[in-house]
Amino acid sequence: MDLAARLQQLEEMVHDAKSMPMSSSALLNREEILDLLKDMAESLPEEIRQARWVVKDREELLAKARRDAEAMVEQGQAEQLRLASREAVVQRAQEEADRMLQEAGDDARRIRLEAEDYVDAKLAQFEIALQKILEEMVSTNAGLGRTIEQVRVGRDRLREATPTTSSELTPEGLSEGEEDGA
């Protein structure tokens, strides 16, 4: 007897069973039902048994695939966090580099301004010293000019007061050419 026939027999047994009064329950012979179920299980075709194994393998394969997928998702999230962390490190490094460049630029400007102030102060001192030297030179030049003028005036007076001849100067060892230079 095949499986379909046995199922039909089971259905007939349930329909033909005596009903319990005032209930939807029925009286069935337990041993007959169990024997029938046992026969049915034994008569299951090999394909059904294999199908059970296929279903079981499928469920195991799906469970493994779920575990693998979850592991991949976790790994992806970990990689994402690592990359985000790396990006954060790069961003912090860039910010630190920008800050250092800003500080270096500020320091360079400060040092340049200090150097300019220092050079300006030294140039101002040099200008004052040169101005004093110039004033002293002007004063000295004016004094030299007055002295030269006094020498000329003195020489002119000497020439006017004493007429000298070339013969008078010769015994002292002066020649006419030297007199003009004197």
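Residues numbered from 1 in each chain as written. Predicted model: local features only at pLDDT ≥ 70, side-chain atom pairs only at ≥ 80, totals over all residues. Heavy atoms only, no water.

(A) Region of the structure containing the confidence of the model for the protein chain. Per-residue confidence for the protein chain averages 82 on the pLDDT scale, and 87% of its residues sit at or above 70. Within the protein chain, helix 5 (residues 176–181) has the poorest average pLDDT of any element, 50, and helix 3 (residues 46–161) the best, 88. (pLDDT = per-residue confidence, 0-100. Helix = DSSP H or I, 4+ residues; strand = E, 2+ residues; numbered from the N terminus.)

(B) Representation of unusual backbone geometry within the structure. If you check the backbone angles, M22 has positive phi at about 65 degrees while not being a glycine. Following the sequence through the fold, M22 ends up in the loop between strand 1 (18–19) and strand 2 (26–27). A relative accessible area of 87% means that M22 is categorised as exposed. (Buried < 20%, exposed > 50% of the residue type's maximum accessible area, 1.4 Å probe, protein only.)

(C) Structural view of a nonpolar patch on the surface. Nonpolar side chains collect at one region of the surface, where Y118, V119, L123, F126, L130, I133 and M137 lie side by side and expose about 720 Å² of accessible area between them. Counting through the fold element by element, M137 comes out in helix 3. (Patch = residues over 30% accessible without salt bridge, like charges linked within 9 Å, V, L, I, M, F, W, Y side chains within 5 Å. Areas by Shrake-Rupley, 256 points an atom, 1.4 Å probe, with all protein chains shown as cover. Salt bridge = Lys/Arg side-chain N within 4 Å of Asp/Glu carboxyl O.)

(D) Representation of the packing of helix 1 (residues 3–16) against helix 2 (residues 30–42) within the structure. Contact geometry of helix 1 with helix 2 gives a least axis separation of 10 Å together with a crossing angle of 165 degrees. Classified by the interaxial angle, the pair formed by helix 1 and helix 2 is roughly antiparallel. Relative to helix 2, helix 1 is oriented so that their crossing is left-handed. Listed contacts from helix 2 to L3, R6, L7, Q9, L10 and M13 of helix 1 are E32, I33, L36, L37, D39 and M40. The class makeup of the residues in the contact of helix 1 with helix 2 is 8 nonpolar, 1 polar and 3 charged. (Axes fitted to C-alpha atoms, helices over the stretch in contact; angles between N-to-C directions. Parallel < 35°, antiparallel > 145°, perpendicular 65-115°, else oblique. Left-handed = near helix turned anticlockwise from the far one by under 90°. Contact = heavy atoms within 4.5 Å. Nonpolar A, V, L, I, M, F, W, Y, C, P; charged D, E, K, R; others polar.)

(E) The arrangement of helix 2 in detail. Compared with an ideal rise of 1.5 Å per residue, which puts 13 residues at 18 Å, helix 2 spans 18 Å between its outermost C-alpha atoms and is within 8% of the ideal. On the buried face of helix 2, the contacting elements are helix 1. Between the side-chain oxygen of the N-cap and the backbone nitrogen of E31 there are 3.1 Å, and the N-cap of helix 2 in question is N29. (Expected span 1.5 Å × (residues − 1). Polar contact = N/O pair within 3.5 Å; in protein donor to acceptor, adjacent residues only side chain to side chain.)

(F) Structural context of the pattern of salt bridges. With the rule as written, the count across this model stands at 9 salt bridges. Across the salt bridge formed by D107 and R110, the nearest N and O atoms sit 3.8 Å from each other. In this pair, D107 and R110 are both assigned in helix 3, 3 residues apart and thus about one turn of the helix distant. Overall, the relative accessible area of 40% leaves R110 in the partly exposed class. When the shortest N-O distance is used, the salt bridge between R159 and D156 registers 3.8 Å. Of the two residues, R159 and D156 are both situated in helix 3; the distance of 3 residues between them amounts to about one turn of the helix. Given a relative accessible area of 38%, D156 falls into the partly exposed group. Beyond isolated ion pairs, a larger network of salt bridges with shared partners links E96, R99 and E103.

(G) Quick peek at helix 1. The terminal C-alpha atoms of helix 1 lie 20 Å apart, and with 14 residues this matches the ideal 20 Å at 1.5 Å per residue to within 8%. All of the buried residues in helix 1 are L3, R6, L10 and M13. Taken end-on, helix 1 shows its buried residues confined to a sector of 75 degrees, consistent with a single buried face. Exposed side of helix 1, more than 90 degrees from the buried face: H15 and D16 are the residues found there. (Arc of directions from axis to C-beta.)

(H) Structural detail: the nonpolar core. The biggest cluster of nonpolar side chains holds 7 residues, and these are L3, L10, M13, I33, L36, M40 and L44. Contributing elements (two or more residues each) for this core: helix 1 and helix 2. If we ignore the near neighbours within four places in the chain, the residues touching M40 are L3, R6, L7 and L10. (Core = buried A, V, L, I, M, F, W, Y, C linked by side-chain atoms within 4.5 Å.)

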